[in-house]
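# Survey of secondary and tertiary structure
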Amino acid sequence: MTIHTTKMLILGSGPAGLSAAIYGARAGLEPIVVQGIQPGGQLMTTTDVENYPGFREVIQGPWLMGEMQAQAEHVGTRMMWDTVVKVDLTRRPFRLYGDGGDVYEGDVLVIATGAQAKWLGLDSEELLKGKGVSACATCDGFFYRGKKVAVIGGGNTAVEEALYLTNHSDDVTLIHRRDTLRAERILQQRLFASEKISTLWNKEVHRFLGGGTPEGLVGIELKDTVTGELSTLEVDGGFVAIGHHPATELFRGHLKLDEDGYIAVETGSTRTSVAGVFACGDVMDKVYRQAVTAAGTGCMAALDAERFLQAEEFAEVAEAAE
Ligand SMILES: Cc1cc2nc3c(=O)[nH]c(=O)nc-3n(C[C@H](O)[C@H](O)[C@H](O)COP(=O)(O)OP(=O)(O)OC[C@H]3O[C@@H](n4cnc5c(N)ncnc54)[C@H](O)[C@@H]3O)c2cc1C
């Protein structure tokens, strides 16, 4: 067993964790980043990124994350390729246990484990992800300007995504497997008031249909949940909007989580319910969920952590001088 120690321990290597690392390293905290099973985070699973500031041309998600990692290492971050399976936040330094037996200790801990979009789990969905099938309208809606799109789901996320897509498309179909929506009333009112959105009730996705060269989504085969009848809807884009899973299982019982399982932080900061533990990115943000907001809160977490350590040091010096 090897014990790796640092002032600032960061869990997760998406935009939030790597931004925290860049700021932490530049503050002299010599951070360690434990990367997890998805080094680089969610953007590694996508191709075109057109909304990350600083790049006029479309860039590729994996390229952006490669650059962020190189920048973090360049300023002094140590990268660890390990997945954490257990945590001890009851005493300091905080301890994280890797699945290979290594232990990571940090005077402060920044959690940036992200949230994964829920998918339907169909083979055709897997095949057409990034080729017309997406789980993020804010990220990919722009690529469907003037095209026909569908949103799958019936909760707040689905209705918000459908409303957002009307910025780009005049032909948005909401597909829901029941005959009523779970979304808040005010969102439903906006949805039904939009002339650009139509709703298909009691329908579930049976299969996403690919076609063309290069292959992309051309339609969705739907199954009626009441009659079992199959039908086809021609669309260019399909947005699965059935919610997200924050990666917080490790922290259940150790940190305060909100009612949806996201890490609870003090408003306007990244401070969690345990002093010295900070959370940033999608794991504490169920509203925006963008690379740039994850990077922004990553920066906040590093600054909050650095100020926390500084305040402690100052208190120790003051006590010694008394
Ligand atoms: C297909 C797709 C396309 C997208 N397109 C865009 C876009 O165009 N523009 C945009 O702004 N946003 C886009 N997003 C959203 C964006 O990717 C996320 O908002 C962002 O990645 C969140 O960053 P994060 O650092 O909080 O978490 P993530 O990127 O989810 O990273 C989480 C990290 O935590 C690590 N981790 C988790 N559990 C453990 C553990 N137990 N031990 C160690 N490590 C762990 C993972 O390995 C990973 O490195 C897209 C998302 C998807 C899925």
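Residues numbered from 1 in each chain as written. Predicted model: local features only at pLDDT ≥ 70, side-chain atom pairs only at ≥ 80, totals over all residues.

An unreviewed UniProt entry annotates the protein chain as Thioredoxin reductase originating from Sphingomonas guangdongensis. In the Catalytic activity (unreviewed entry) part of its UniProt record, the protein chain is described as follows: "[thioredoxin]-dithiol + NADP(+) = [thioredoxin]-disulfide + NADPH + H(+)". Reading the Subunit (unreviewed entry) entry of the UniProt record for the protein chain gives the comment "Homodimer." (UniProt positions renumbered as here; feature names shortened; annotations may be inferred.)

Right, let's get into the sheet that holds strand 15 (residues 216-224). Within the open sheet, the 3 strands sit side by side as 14-15-16. Their pairing is antiparallel. Both outer strands of the open sheet, strand 14 (203-211) and strand 16 (230-234), are each paired with one neighbouring strand and no more. Between one strand and the next, the sheet's axes are offset by a mean angle of 30°, whatever the strand orientation. Sheet topology note: the strand 15/strand 16 ladder contains 5 bridges and is antiparallel. Residue pairing in the sheet places glutamate 221 in a bridge with threonine 232 of strand 16. (Pairing = 2+ DSSP bridges. Helix = DSSP H or I, 4+ residues; strand = E, 2+ residues; numbered from the N terminus. Axes fitted to C-alpha atoms, helices over the stretch in contact; angles between N-to-C directions.)

With respect to burial, strand 12 (residues 171-175) is a largely interior element, 4 of its 5 residues being buried. Judged from the 5 bridges that link them, strand 11 (residues 148-152) and strand 12 form a sheet pairing that is parallel. Looking across to strand 12, one finds that alanine 150 is bridged to threonine 173. Two strands pair when backbone bridges link them, and strand 12 and strand 13 (residues 197-200) are joined in this way by 4 bridges, in the parallel orientation. Counterpart to leucine 174 in the pairing with strand 13 is threonine 199. Viewed along the sheet, the connection from strand 12 through helix 6 (residues 185-193) into strand 13 turns out right-handed. (Buried ≥ 20, exposed ≤ 12 C-beta atoms within 10 Å, placed from the backbone. Right-handed = clockwise from strand over helix to strand, strands pointing away.)

Before going further, it helps to spend a moment on the UniProt feature "domain: FAD/NAD(P)-binding" (unreviewed entry) in the protein chain. Residues annotated in UniProt with the feature "domain: FAD/NAD(P)-binding" (unreviewed entry) correspond here to residues 7-298. Strand forms 29% of residues 7-298 and helix 22%; the C-alpha atoms that close the span are 16 Å apart.

Counting buried positions along helix 5 (residues 156-165) gives 8 out of 10 residues, so the element sits mostly inside the fold. Those residues of helix 5 hidden inside the fold are in contact with helix 4 (137-140), strand 11, strand 12, helix 6, strand 13 and strand 17 (237-240). (Contact = placed C-beta atoms within 7 Å.)

Here the focus is the site of the ligand. Near the ligand, the surroundings consist of 40 residues, among which Gly14, Gly36, Gly41, Gly114 and Gly281 are the closest. Those elements that place two or more of their residues in the shell around the ligand are helix 1 (15-26) and helix 7 (291-321). Residues of the shell around the ligand, tallied by class, amount to 21 nonpolar, 17 polar and 2 charged. Two domains each provide a minimum of three residues to the shell around the ligand, namely domain 1 (3-116 + 244-321) and domain 2 (119-240). (Near = placed C-beta within 6 Å. Nonpolar A, V, L, I, M, F, W, Y, C, P; charged D, E, K, R; others polar. Domains from an automatic or database assignment.)

Another aspect to go through is the packing of helix 5 against helix 6. For the pair helix 5 and helix 6, the least separation of the axes is 10 Å and the interaxial angle reads 35°. Seen from above, helix 5 lies across helix 6 with left-handed handedness. Together, Asn156, Val159, Glu160, Ala162 and Leu163 of helix 5 and Leu187, Gln188, Arg190 and Leu191 of helix 6 make up the contact between the two elements. In the contact of helix 5 with helix 6, the residues fall into 5 nonpolar, 2 polar and 2 charged. (Left-handed = near helix turned anticlockwise from the far one by under 90°.)

Interface size is commonly expressed as the accessible area that is lost once the parts come together. Here the protein chain is described as being made up of domain 1 (3-116 + 244-321) and domain 2 (119-240). For domain 1 versus domain 2, the separation of C-alpha centres amounts to 33 Å. Here the residues of the side of domain 1 that touches domain 2 are counted per class, giving no nonpolar, 3 polar and 2 charged.

What follows deals with the sheet that holds strand 12. Pairing within the open sheet is parallel, and its 5 strands lie in the order 10-17-11-12-13. In this open sheet, the two strands that pair with only one neighbour each are strand 10 (133-134) and strand 13. Docked against the sheet, helix 5 engages strand 11, strand 12, strand 13 and strand 17, running at close to 165° with respect to strand 11.

Attention now goes to helix 7. Within an α-helix, residues lying three or four positions from one another point in the same direction, as the helix has 3.6 residues per turn. Between its terminal C-alpha atoms helix 7 stretches 45 Å, which fits the 45 Å expected from 31 residues at 1.5 Å a residue. For helix 7, the set of buried residues is Ala291, Ala294, Ala295, Thr297, Gly298, Met300, Ala301, Ala302, Asp304 and Ala305. Of the surrounding secondary structure, the elements contacted by the buried residues of helix 7 are strand 1 (3-11), helix 1, strand 8 (103-111) and strand 19 (277-279). (Expected span 1.5 Å × (residues − 1).)

By the element assignment, methionine 79 lies in strand 5 (residues 78-80). With 18 C-beta atoms counted inside 10 Å, the residue methionine 79 sits in the partly exposed group. Expressed as a C-alpha distance, the spacing of methionine 79 and tyrosine 288, which sit 209 residues apart in the sequence, is 27 Å. Discounting chain neighbours no more than four positions away, the residues touching methionine 79 are Val33, Gln35 and Glu73.

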